[in-house]
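Per-entry structural report
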Amino acid sequence: MITLKIFKQNIVTPTVQKIETFPCRIGRSIKNRVVLDDPSISIDHAIINFDSEGYYIQDLGSTNGIIFEGERKDIVRINQNCTFYVGSLRVEIIFGEEILDKTRIIHLPASIVFHNQKKMIILSVLYFSILTLLSYLHEYLLNPIDKKNFLNIIWIIVSGFIVLLITSGAFSIFSKIHVKKYRLFTFFSFFALWSCIFILIFDFLPYIAFYINHKTSYTIIETVANYCFLLYSTYLLATMSFIHTSRKKIAIVAGSLFCIIQGLLFITDTLREDDNFSYQGSLSYPISSYKRVNYRPHGLYNIIDKSVTKVDKLRIDEIKKREKEKKKNNKM
Amino acid sequence: MLINFKYICLLTILISCFSNTLWGRTRIRTGHQDQDLYARVKHYVYQIKTATDAKSSKASYGTGFVVDKNGLVITNYHVVADALQDEDKNFKIFLVDGDKSIPARIVNISVIHDLALLKVKKKFKNALSISKKPPTQGETIYSIGLPKDLKMSIVKGIYNGVIKSSLYEQILMSSPINSGMSGGPTLNSNVQVVGINVSILLNSQNISFAIPAAHAGKLVKEYLKKGDPDLKNNVDKIIEAQLHNVEKNLMVDMKKNPGDNFTIGNWTFAPPSKSLKCWSQNIKHDKKTYEVTNQTCFLQDGSYVSDSIYSGSYEVQYRIVKNISRNSIQFFNLLRTLYNKGHAFSNAYLKYYDNELISKYDCNEKIVVNKHDIPIKINYCVNGFIKYSKLYRLYVKGVTILNRNDALIFNAKLDGFSKKSMIDFLKYQLSKIKLKNKK
């Protein structure tokens, strides 16, 4: 099945024509399957058909003929994305069901549409080798590798594969962009890239934390490291779903969505009470850099004092709340 | 990974709402003398239960004994705590006399010693007398009570003297007492009360504790002096005052017996008091990539307030983590998990607080440099008791690291301390952390 995108001069929006049965005749006459009402087109202009080598378009002795790569030709072999002129009309050929809009491709993470199987195989091998290497790195950074860890790594890879398969499948169904054949692999490359970045940042974070003494900047880095993956996926989803309308709109919506999610994550991260009791970066190293003048224990006692007054308030609030409830119950 | 010794030596209060038949029924062989004892004691020992009304089934139960003919009965505070701590005051206290349940009310309490004095509207024929002399070590004693809600039983045991390491006196007995017997008397062969059954040591055989009878005597005296005050509305205030007293005693103890300095690896520190029981433990990882040395110190005493909270107790833990063959990122990752997942000091523990008794908590963090120029990163959380003002629970943890391969993690848990005491405690602890060979 082929889709023709026919552009008239000085008009941006194309006419889209699906062709499902062959041969298919093109011309100005209404007898033709594809009728092009343009003075540059002959009554019976051309025919699209296929043979053992694939699809082709053949001139039927028209006045203006078929122009491919600047030359007039009798037969033009049709490839994916090839462009030629029928009379003065520009025709783009797309294989497959979906209409492949150029603006859409630009927003894809890995904007590669593969033309042959070899590349796909190379990519998948690359992907899994990267995943394996990353898993080993991840495990090594946390613990020296032994038998137990080894099994763990295998499990990580297998489960990672399953998760990726599901997510990429869901992604491609959602986006409706790709030719079925290529869907998984483009998304695999996308996930490989981001898992790379994710694991690297996440594992080296504690090391970086040695040198970050500012609490908020640490929290920002941690949040981004933890959620960049998620953020990027939401951004992509947003771009994909708004692609039909206009690029400006997409940019605004996706950008604001990104900001909102980032903000929400940051707020929830800082508001989570129990997190205050866990590690928050800034371990005192190197020791000599901390001086007593600036970090007197007195500061600690002051904040404890504040906390105690806060707890007192919480306690009184709780007591008042209970009294109210009691009164309510008594009335009932 | 790391075994917390606290659980091995945890004192458990003998309170149980469920009939637990796991241990089977113990038969006591009674000799001639014991038969005599049984007959004599029968009318002085009763079951005490808390329930919503006289006929309904019990919420908790224990034993009580008559100390005064006019209806004064001694039992454990923890037996009747349910009735006191219950917000809606649905639970009432009853003395079970055969088929009858006689309502009782609390007239005096001592949270420190886990004692409660009850008044019952009934005249008894006679009362048990309190022994003025403590028994000699090795003397045979008889613990009496209604174990597991069954029938009055006598348990023969041996008096081993008073434990001196603990802040509050406790009698150590060799006798197999069971839950339900708390509040029951421990008698000498002259049928005089020498103690009140209170608790057993968990995961051990026949190690039981009793409160010296003199404390019960004091309670009775106090009551007789004051007359008959209405305790109903003042109970919380009385408990609060007693808990503050406990906490003051702890601070005095810390000042009087400061702990000795400990040195592990490059680090020197000191537990707050000699009254603490300390355990140390050295754990090497299988592959010997790192080494953790634990020093856990905890107080054996603590005042029971309710099933979920104790007051006037604290626990300190020091962990020295030494790097053997890890690179600095691996070591740092390890340190991070150790610091964040420290057993009783972890976040999970904080979440399980009793909403009825404990307020929400407030947390913060700070980097502090102590007087030995050691920077320590500190996280802490504070929450307070709702019923008792100015008493808080504090969880602190701190970490410091030397040359990227030697770290000290410091954990502390304080229950029922005032603000000043918490700060004093931290001041002392922080000032004691230093390097062994300071360059």
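Everything numeric in this text was worked out from a predicted model, so none of it was measured.

Rules behind the numbers
Residues numbered from 1 in each chain as written. Chains lettered and ligands numbered in written order. Predicted model: local features only at pLDDT ≥ 70, side-chain atom pairs only at ≥ 80, totals over all residues. Heavy atoms only, no water. Buried < 20%, exposed > 50% of the residue type's maximum accessible area, 1.4 Å probe, protein only. Helix = DSSP H or I, 4+ residues; strand = E, 2+ residues; numbered from the N terminus. Pairing = 2+ DSSP bridges. Core = buried A, V, L, I, M, F, W, Y, C linked by side-chain atoms within 4.5 Å. Contact = heavy atoms within 4.5 Å. Axes fitted to C-alpha atoms, helices over the stretch in contact; angles between N-to-C directions. Parallel < 35°, antiparallel > 145°, perpendicular 65-115°, else oblique. Left-handed = near helix turned anticlockwise from the far one by under 90°. Nonpolar A, V, L, I, M, F, W, Y, C, P; charged D, E, K, R; others polar. Phe/Tyr/Trp six-rings, centres within 6.5 Å; stacked < 30°, edge-to-face > 60°.

This part covers the pairing of strand β2 (residues 45–51) of chain B. All names here are of chain B. The buried fraction of β2 amounts to 7 of the 7 residues, a majority that puts the element mostly inside the structure. Burial along β2 is two-sided: Val45, Gln47, Lys49 and Ala51 and Tyr46, Ile48 and Thr50, pointing in opposite directions, are all buried. For β2 and strand β3 (residues 60–68), the ladder comprises 6 bridges, and the chain directions are antiparallel. Within β3, the position partnered with Thr50 by the bridge is Ser60. When β2 meets strand β5 (residues 92–97), the two strands line up antiparallel, connected through 5 bridges. Within β5, the residue paired with Ile48 across the bridge is Leu95.

What follows deals with the nonpolar core. The biggest cluster of nonpolar side chains holds 41 residues, and the ones touching the most others in it are Leu300 of chain A together with Tyr314 of chain B. The contact partners of Tyr314 of chain B, leaving out residues within four places of it in the chain, are Leu250, Met254, Pro272, Ser273, Leu276, Phe298, Leu299, Lys413, Leu414, Phe417 and Phe425 of chain B. Core analysis: the next-biggest nonpolar cluster, separate from the first, contains 32 residues, Tyr77, Phe124, Val305 and Ile309 of chain B among them.

Two elements in contact, helix α7 (residues 297–331) of chain A and helix α7 (residues 419–432) of chain B, have axes separated by 11 Å at closest approach and are oriented at 155 degrees. Comparing the axis directions of α7 of chain A and α7 of chain B gives the class roughly antiparallel. The hand of the α7 of chain A/α7 of chain B crossing is right-handed. When α7 of chain A is examined against α7 of chain B, the residues Leu300, Tyr301, Ile304, Asp305 and Val308 of chain A are found in contact with a partner set consisting of Lys419, Met422, Ile423, Leu426, Lys427 and Leu430 of chain B. By residue class, the composition of the contact of α7 of chain A with α7 of chain B is 8 nonpolar, no polar and 3 charged.

All right, on to the sheet that holds strand β23 (residues 375–384) of chain B then. The antiparallel open sheet is built from 7 strands, whose spatial order is β17-β18-β21-β25-β24-β23-β22 (chain B). The open sheet has two edge strands, β17 (277–284) and β22 (362–369) of chain B, and neither has a second partner. Each strand axis lies, on average, 15 degrees off the axis of its neighbour in the sheet, ignoring direction. Sitting on the sheet, α7 of chain A touches β22, β23 and β24 (392–402) of chain B, and the angle it makes with β22 of chain B is about 170 degrees. Helix α4 (residues 235–256) of chain B rests against β21 (313–323) and β25 (406–417) of chain B of the sheet, and its axis sits at about 140 degrees to β25 of chain B.

On to the sheet that holds strand β16 (residues 267–269) of chain B, then. All names here are of chain B. Sheet architecture is open: 3 strands sit in the order β15-β16-β26, paired in antiparallel fashion. Lying at the two open borders of the sheet, with one neighbouring strand each, are β15 (262–264) and β26 (434–435). With 2 bridges connecting them, β16 and β26 associate as antiparallel partners. Each residue of the ladder has a partner; that of Thr268, found in β26, is Lys434.

So, on to the packing of aromatic side chains. All names here are of chain B. Scanning the model with the defined rule gives 10 aromatic pairs over all chains in all. Between the aromatic rings of Phe269 and Tyr318, the centroid separation amounts to 3.9 Å while the plane-to-plane angle is 20 degrees, which identifies the pairing as stacked. Residue Phe269 is located in strand β16, and its partner Tyr318 is located in strand β21; the two are separated by 49 residues in the primary sequence. Seen in terms of ring centroids, Tyr314 and Phe425 are 5.7 Å apart; in terms of plane orientation they differ by 70 degrees. Their pairing is edge-to-face. Here Phe425 lies in helix α7 and Tyr314 lies in strand β21, a separation of 111 residues in the sequence. Of the residues examined, Phe425 reaches a relative accessible area of 2% and is grouped as buried. Aromatic ring contacts, followed pair by pair, group Phe262, Phe269, Tyr318 and Phe410 into a single cluster.

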